[in-house]
Amino acid sequence: MCSLNPLFDKTVTVYRLTENGIQRQELENCFFVWEDTLREDEVGEHTERKFRLITPGPEQSVFTGCRVLPGSGPEITLEQWNGFIPAKVAGLCEVAYASPRYFCGQLSHTEAGRK
């Protein structure tokens, strides 16, 4: 991936719950788009945030369950984690899938999102 590509111009902050607390990582030169859609089921209408994130680089830094916020996001404590959810934080997304992509046998980039 070339960081000069105008589609890969976003910075995102990735949060991951670990046994040692909340890991926070800012990733630059990413492709990131999201949209809120309305979904209806037997309980009623719900807003659902769909998104796609492509992170360049030779290491996978986004996994299922991570939370992603556009731009440079705040530090989050373990006590804040349960309230740090897409329904309460504008723009926050939770990763439903993460797929490493390889080129010539080496990790090229990671695609992640929620469909």
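Caption draft 1: Highlighting the pattern of salt bridges. Evaluation of the coordinates by the stated rule reveals nine salt bridges. For lysine 10, the salt bridge is made with aspartate 9, and the minimal N-O distance between the two is 3.0 Å. Linked through salt bridges whose partners overlap, the residues forming this network are Arg24, Glu26 and Glu75.

Caption draft 2: Seen up close, the packing of aromatic side chains. All chains considered together, the criterion is met by four aromatic pairs. Ring pairing ties together the aromatic residues Tyr15, Trp81 and Phe84, which thus form one cluster. Taking NZ or CZ as reference, lysine 115 lies 5.2 Å from the ring centre of tyrosine 97, over its face.

Caption draft 3: Looking closely at the side chain of threonine 110. Looking at the element boundaries, threonine 110 is found in strand β7 (residues 106-114). With relative accessibility at 1%, the residue threonine 110 sits in the buried group. Dropping the residues within four chain positions of it, threonine 110 is found in contact with Leu53, Ile54, Thr55, Glu59, Gln60, Val62, Ser99 and Pro100.

What counts, and at which threshold
Residues numbered from 1 in each chain as written. Predicted model: local features only at pLDDT ≥ 70, side-chain atom pairs only at ≥ 80, totals over all residues. Heavy atoms only, no water. Salt bridge = Lys/Arg side-chain N within 4 Å of Asp/Glu carboxyl O. Phe/Tyr/Trp six-rings, centres within 6.5 Å; stacked < 30°, edge-to-face > 60°. Lys NZ or Arg CZ within 6 Å of the ring centre and 35° of its normal. Helix = DSSP H or I, 4+ residues; strand = E, 2+ residues; numbered from the N terminus. Buried < 20%, exposed > 50% of the residue type's maximum accessible area, 1.4 Å probe, protein only. Contact = heavy atoms within 4.5 Å.

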